[in-house]
Amino acid sequence: MTQMRPDRRAALGLLAGAAATGLAGCAREEAGVTRLTFWAMGNEATNVPQVLPEFERLNPGIKVDVQALPWTAAHQKLLTAYAGDSLPDLSQVGNTWVAEMAAIGAISPLPAFASDLLTDQFPAVLETNRIDGRPVATPWYVDTRLIFYRSDLLERAGHASVPQTWASWKQAMHTVKRTVGQDKYAVLLPLNEFEQLLTFGLQGDQPLLRDQDTRGNFSSPSFVAALAFYKSLFDEGLAPVASAAQISNVWTEFERGWFSFYFSGPWTIGEFRNRLKPETRWMTSGVPGPDGPGASAPGGSSLVVYRSSPRQEAAWKLVRYLSEPAVQARFNVITGDLPARESAWATPSVAGDPYIAAFKGQLSRAEAVPKVPEWERIVTEMQIVAERMVRGEFTPETAGAEIDRRADRLLEKRRWMLERGKA
């Protein structure tokens, strides 16, 4: 979920809230024991305590206090804690937050003794954790978006698998729609989500930002082509003109065949297994591109140690432990999170899951998004303009120009700093 950076007044208000809920970064010290404060979010916060007893057994002088933050508030909580000098020793962060946290000087670069943590990683995911060529965060788990599809309905339409070019995939979608009925759709692309359009936009050979990431490049021919393909799916009745809030229940609608293709990440594997009827046949597939298998954005969460922590050595020991392939493989069994370390994918629990297989190929084709603090605000503006395009207000060309205009406004301070040699 996209989060906006708070202004000063909001930060002060949230700081009071953080203090009230006991999220102060200071760890309690006991004689002979170092207590680490570790902030985690969502499913990870709930489940990481299951793997910590072994860490504490191996490191008898260290105890870990896990404090849970909801994903919807975590980004602001971290910025508020930085402003109030109350960050934890280490935390989980969304990959797209790394650039912002590094820009304000909150996180410690990886020390030399932890450099081995960067081996055995997916290149695009690792790149999101580098700032100015220097690693500042360690991938914890990875994800990316690809296609979940109704394999039975696709087979009924005469296709054994998802075609891997835009043209052939669209042709298959039309065939599926004729098979399931004109009152149904082929693909769900919620208008209030930016990820699907971003995935299409990553297929081009031109960057999303230009001039040292100080201006938008959404008017480039490759991104306009992505906008045109995206718009055509609505224009041709293959996708409903609807937001996610208008879909009563994704699992129910997928099960009844209201749509047959769905963009999502690895968390959906467990949801579909638990919620769909056993007779509902489904599978995962890589993303089609203009001329063959396409790219996607690398996602997931990383681990960061904060500069303000006086317990640097102990914090890095915990990062190292959570990065071990065996621990990541066990965490996959517990949570469904995909391991960041490629070698962990060879363990039977990961390698033997047919729904996970497509994710490894997709991650190998992932493309890092621009590493600017304004990125999440830029993609929010992209989504807003794209929805207006789908509803007829813009053409693909004028939509690209409008996204550029909005991105350029958001990047104005970056241009100003670069001109003065401060970026």
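**Some thoughts on the packing of aromatic side chains**
Step number 1: Per the stated rule, a full pass over the model turns up 28 aromatic pairs.
Step number 2: Ring plane angle 25° and centroid distance 6.1 Å describe the contact between Phe148 and Trp282, whose orientation is recorded as stacked. On the criterion of sequence distance, the pair formed by Phe148 in strand S7 (residues 146–149) and Trp282 in the loop between helix H12 (267–275) and strand S12 (283–285) is long-range, its members being 134 residues apart.
Step number 3: With 5.8 Å between their ring centres and 45° between their planes, Phe259 and Tyr262 make a pair best called tilted. Here the two residues Phe259 and Tyr262 agree in accessibility, since each one is buried.
Step number 4: Among the aromatic residues, those joined into a cluster by ring pairs are Phe148, Tyr185, Phe254, Trp258, Phe259, Tyr262, Phe272, Trp282, Tyr355 and Phe359.
Step number 5: Of note, Arg275 hangs over the ring of Trp251, and the distance from its end group to the ring centre comes to 3.8 Å.

**Here's the deal with helix H17 (residues 375–390)**
Step number 1: Helix length check: H17, at 16 residues, gives a terminal C-alpha distance of 22 Å against a target of 22 Å (1.5 Å per residue), a fit within 8%.
Step number 2: Contact partners of the buried residues in H17: helix H9 (195–201), strand S9 (209–210), helix H10 (221–235) and helix H18 (396–410).

**Here's the deal with the sheet that holds strand S13 (residues 299–305)**
Whether parallel or antiparallel, the strands of a sheet pair through hydrogen bonds between backbone atoms.
Step number 1: The strand order S2-S1-S3-S13-S6-S14 describes an open sheet built from 6 strands, whose pairing is mixed. The sheet terminates laterally at strand S2 (62–69) and strand S14 (338–339), the two strands that pair on one side only.
Step number 2: Of the strand pairs in this sheet, strand S1 (residues 34–41) and S2 are connected by 8 bridges, and their pairing is parallel. In the sheet register, Thr34 faces S2, and the bridge partner there is Ile62.

**Quick notes on the pattern of salt bridges**
Step number 1: All chains considered together, the criterion is met by 22 salt bridges.
Step number 2: In this structure, Arg273 and Asp353 form a salt bridge, with 2.9 Å as the shortest nitrogen-oxygen distance. Separated by 80 residues along the polypeptide, Arg273 in helix H12 and Asp353 in the loop between helix H15 (348–351) and helix H16 (357–364) bring together distant segments of the chain.
Step number 3: Each of the salt bridges in this network shares a partner with another, and the network as a whole consists of Glu381, Glu402, Arg405 and Arg406.

**A few points about the sheet that holds S7**
Step number 1: Strand order across the open sheet formed by 4 strands is S8-S11-S7-S12, with mixed pairing between neighbours. Either end of the sheet is taken by a strand with one partner, and the two such strands are strand S8 (187–188) and S12.
Step number 2: Direction of pairing for S7 relative to strand S11 (residues 261–264): antiparallel, over a ladder of 4 bridges. Looking across to S11, one finds that Phe148 is bridged to Tyr262.
Step number 3: Packed on one face of the sheet, helix H8 (residues 166–180) meets S7, S8 and S11 and runs near 130° to S11.
Step number 4: Relative to S7, H16 is tilted by about 155°, and along the sheet it contacts S7, S11 and S12.

**Describing the packing of helix H13 (residues 312–323) against helix H14 (residues 325–335)**
Step number 1: Where H13 meets H14, the closest approach of the two axes is 5 Å, and the angle between their N-to-C directions is 65°. On the basis of their axis angle, the class for H13 and H14 is roughly perpendicular. Contact with H13, carried on its side by Tyr321, Leu322 and Ser323, involves Pro325, Val327 and Gln328 of H14 and no other residues of that element.

Analysis parameters
Residues numbered from 1 in each chain as written. Predicted model: local features only at pLDDT ≥ 70, side-chain atom pairs only at ≥ 80, totals over all residues. Heavy atoms only, no water. Phe/Tyr/Trp six-rings, centres within 6.5 Å; stacked < 30°, edge-to-face > 60°. Helix = DSSP H or I, 4+ residues; strand = E, 2+ residues; numbered from the N terminus. Buried < 20%, exposed > 50% of the residue type's maximum accessible area, 1.4 Å probe, protein only. Lys NZ or Arg CZ within 6 Å of the ring centre and 35° of its normal. Expected span 1.5 Å × (residues − 1). Contact = heavy atoms within 4.5 Å. Pairing = 2+ DSSP bridges. Salt bridge = Lys/Arg side-chain N within 4 Å of Asp/Glu carboxyl O. Axes fitted to C-alpha atoms, helices over the stretch in contact; angles between N-to-C directions. Parallel < 35°, antiparallel > 145°, perpendicular 65-115°, else oblique.

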